[in-house]
Amino acid sequence: MDIKHLLNQMTIEEKIGQLLQIAPFLFIQDLDVEVYGFVKDLGLNEKRVFNAGSVLGIKNAKEMMEVQNKYLKKHRLGIPLMFMADIIHGYETIFPVPLALSCSWQPSLAEKVARISAIEASTAGIHVTFSPMADLVRDPRWGRVVESFGEDPYLNYMFAYHMVKGYQGDDIKKEGHIGACVKHFAAYGAAEGGRDYNTVDMSRSTLHNYYMSGYKGAIDAGAKMIMTAFNVLDGVPATVNKYLLRDVLRDLWKFQGVTISDYDSLHQIIEHGASENDFEAALLGIDAGLDIEMASTCYTNYLEKHIAQHNIDIKYLDEAVYRILHLKEKLGLFDHPFKDASEAKENELVRHETHLEDALNVAHECMVLLKNEDQILPMIKGSNVVLLGRYATSNETNGPWSWHGKNDLNISLYDAINKDFNVTYVSETLDQDDHVFKKIKEADYVICAIGEKTKESGEAHSKADINLKQSDIDMIHQALSHNPNVITLLYHGRPQLLEDILNVKAILETWFLGSRANEAIRDVLLGIKNPSGRLTMSIPRKVGQIPVYYNHLNTGRPKVENSHNEYVSYYLDVPNEPRYPFGYGLSYASFEYGTLKLSQETMRIHDKIEISIDVKNTSGRDGYEVVQLYIKDHAAAISRPVKELKDFKKVWIKAHETKKVSFTITIDKLMYKNDLGQDVYDLGTFTIMVGRDSLHVKHQTLRLVKE
Ligand code: GLC
């Protein structure tokens, strides 16, 4: 399709129509009768609906084909609709939520999750997914932490990069491939107080050195779209923020894809106080470089007037429409407007048994073993078990943003384990009954499966108190009073405070692991699988510590262990460190690290430094170890973090085996961003650290010197 030629044929109304994204029901219900309600308020009518460029959400192939058919019959130039939806961690086969996925420290798994998600979603006629969500998060109060890849820029980059590769492959025109729309640009995860949609305010240094990394990973992987965030940055709503949408996205990163607002976020700049009305919002949006307006009609109602009044050059409209048409061309929609939509393919591929098997295997790698006193785990098959808590019998393990997934097709923990253990008592709550207490006393293990409901995290579900439910704490304390062998399983979408349950023998962080959650948990409880997840977010001791994250600056008065100097940066009532640090996670195996070796102790700009360390599995069990490489820049133009993750390797080490793990350091690993978002470095001293988490590392010094 000759896009330029098509563009020249379009009327201004048809061009503006391409910038509108609306829900599918508007194409299905008869709008040629008097429109009513919010549809009228939006200024929509039959003609405008059938000029729209894209659709938000779709039920299945049948509905997609009905809408596309009806639309193509009415559209003067036959420009097909593009269908977009939120496929975040699976379509109907649901995988672990992204925060859990990041704890696998296996970006290749994320690529597989995205690949399978695309195969399933494309059968319904979905062309673009609003994923990956690449918002770096340091605040577990924020409900959308569940959708994130955690607190580290490097992990955010790697997971966003590989998810885009999984969705798009090397050609989105191919069957089973869909476009990726990375979100939410930018820094949405830094909402003040962890309260969703709240103000974001940070330095350019923080923005570029931490929060931009995930979006850049997606764009480096070739993401076709990017969605603006609800928040302001520098006081300007991201949706109309020229610094973000033009200076960074177009000029610095050379992004040529499509930008899209979040739901109604262009209209909402009025609420932000950045515009008097939709008329002004339309001008601000097109001038800033916003292409598609999702679910509001500022462009639809006012852009033509702005062009007629010469408030904006039509070239801005043409550029936006060109990018949208170009994406439709890349998807092959002009030749195949239904692309992969197929009821037969839906029946064949959605929740395919191989996908469900993959969901189980991915879930195995996302669990984080936080505590395992007396090596109580793995459990002994056939033992007597009391099973308590909301998640003893619930199958709600898909988590937020799994709108096409069906929890009722999942199995509960009880159903997953009752053939492997003698479950003598199972209950969501602990009944105050001597017979129950007797069963607890006589049990070999008491499993307390607790956490949050699905709706306690996700969009618009932030919390000021992230403690466990008091009823769960009481239940655990009561169980402990009758039997010390209590194992706690956590099902939730955010790190929660664990201070009140630290006396249990074992804590297994399971997050929301998706369609096969409880079978994966069973495999870990039995030792069929050795847990290998590592935290990608610090778990605070107190809410008052938030934000608590590993890659913090040192301050001029750092707290020094065993120093009695009180004029330093610390709290009177709690240590600075989190309860469990970034990168932390136990295994059923145990590992020892040898001497950290560098090929050179001084490095010139173009050198490659080889790093190696022997890691020995000192146990009788095979297992994964996540070997992490951190670097500290001791003196730079700006204060640099006490350590930054720069690389990692998840290595399988057999029982009693030693593996040599190597990394390479090149100048890019010593760089940081200046206020303009450009890569810079400073000569001087660096500390190279390698270890099993951000606290337990071996050190070596490296000096970066002139050529
Ligand atoms: C929501 C979310 C965004 C999602 C969009 C479309 O408000 O912020 O992540 O992609 O609307 O559903």
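Residues numbered from 1 in each chain as written. Predicted model: local features only at pLDDT ≥ 70, side-chain atom pairs only at ≥ 80, totals over all residues. Heavy atoms only, no water.

Peer 1: Please clarify how the environment of Q496 should be interpreted in this entry.
Peer 2: Within the secondary structure, Q496 sits in the loop between β15 (486-491) and β16 (506-509). For the pair Q496 and K469, spaced 27 residues apart in sequence, the C-alpha to C-alpha distance is 10.0 Å. Setting aside residues no more than four positions away along its own chain, Q496 makes contact with G451, E452, K463, I466, N467, L468 and I539. Polar side-chain contacts of Q496 include one of 3.2 Å to the backbone oxygen of N467. There is a polar contact of 2.7 Å between the side chain of Q496 and the side chain of H492. (Helix = DSSP H or I, 4+ residues; strand = E, 2+ residues; numbered from the N terminus. Contact = heavy atoms within 4.5 Å. Polar contact = N/O pair within 3.5 Å; in protein donor to acceptor, adjacent residues only side chain to side chain.)

Peer 1: What is the right way to look at the site of the ligand in this model?
Peer 2: Neighbouring the ligand are 13 residues, the closest being D86, R144, K183, H184 and D262. In the model, an oxygen atom of the ligand is placed 2.6 Å from a nitrogen or oxygen of the D262 side chain. Relative to its unbound accessible area of 310 Å², the ligand is 91% covered by the protein chains. In terms of residue class, the shell around the ligand is made up of seven nonpolar, one polar and five charged. (Near = heavy atom within 4 Å. Areas by Shrake-Rupley, 256 points an atom, 1.4 Å probe, with all protein chains shown as cover. Nonpolar A, V, L, I, M, F, W, Y, C, P; charged D, E, K, R; others polar.)

Peer 1: Is there a simple way to think about the pattern of salt bridges in this case?
Peer 2: Two side chains that carry opposite charge are able to pair once their charged atoms sit near each other. One pass over the full model with this rule turns up 37 salt bridges. Among the ionic pairs, D86 bridges to K183, the shortest N-O distance being 3.1 Å. Highlighted residues: D86 in the loop between β3 (82-85) and α7 (98-102) and K183 in strand β5 (residues 179-185), separated in sequence by 97 residues. The pair formed by D86 and K183 is uniform in burial state, with each residue classed as buried. Residues R534 and E625 are paired through a salt bridge, measuring 2.7 Å at the closest nitrogen-oxygen approach. In this pair, R534 is assigned in the loop between α22 (517-525) and β17 (591-593) and E625 in strand β21 (residues 623-633), connecting sequence segments 91 residues apart. Residue classification places R534 among the buried positions, given a relative accessible area of 1%. For E625, a relative accessible area of 2% puts it in the buried group. (Salt bridge = Lys/Arg side-chain N within 4 Å of Asp/Glu carboxyl O. Buried < 20%, exposed > 50% of the residue type's maximum accessible area, 1.4 Å probe, protein only.)

Peer 1: So what exactly am I meant to see when it comes to the side chain of S265 here?
Peer 2: Its location among the elements puts S265 in the loop between β9 (258-260) and α13 (269-272). Exposure remark for S265: the relative accessible area of 3% places this residue in the buried category. At a separation of 3.0 Å, a polar atom in the side chain of S265 contacts the side chain of T239. Excluding residues that lie within four positions of it along the chain, S265 makes contacts with T228, F230 and T239.

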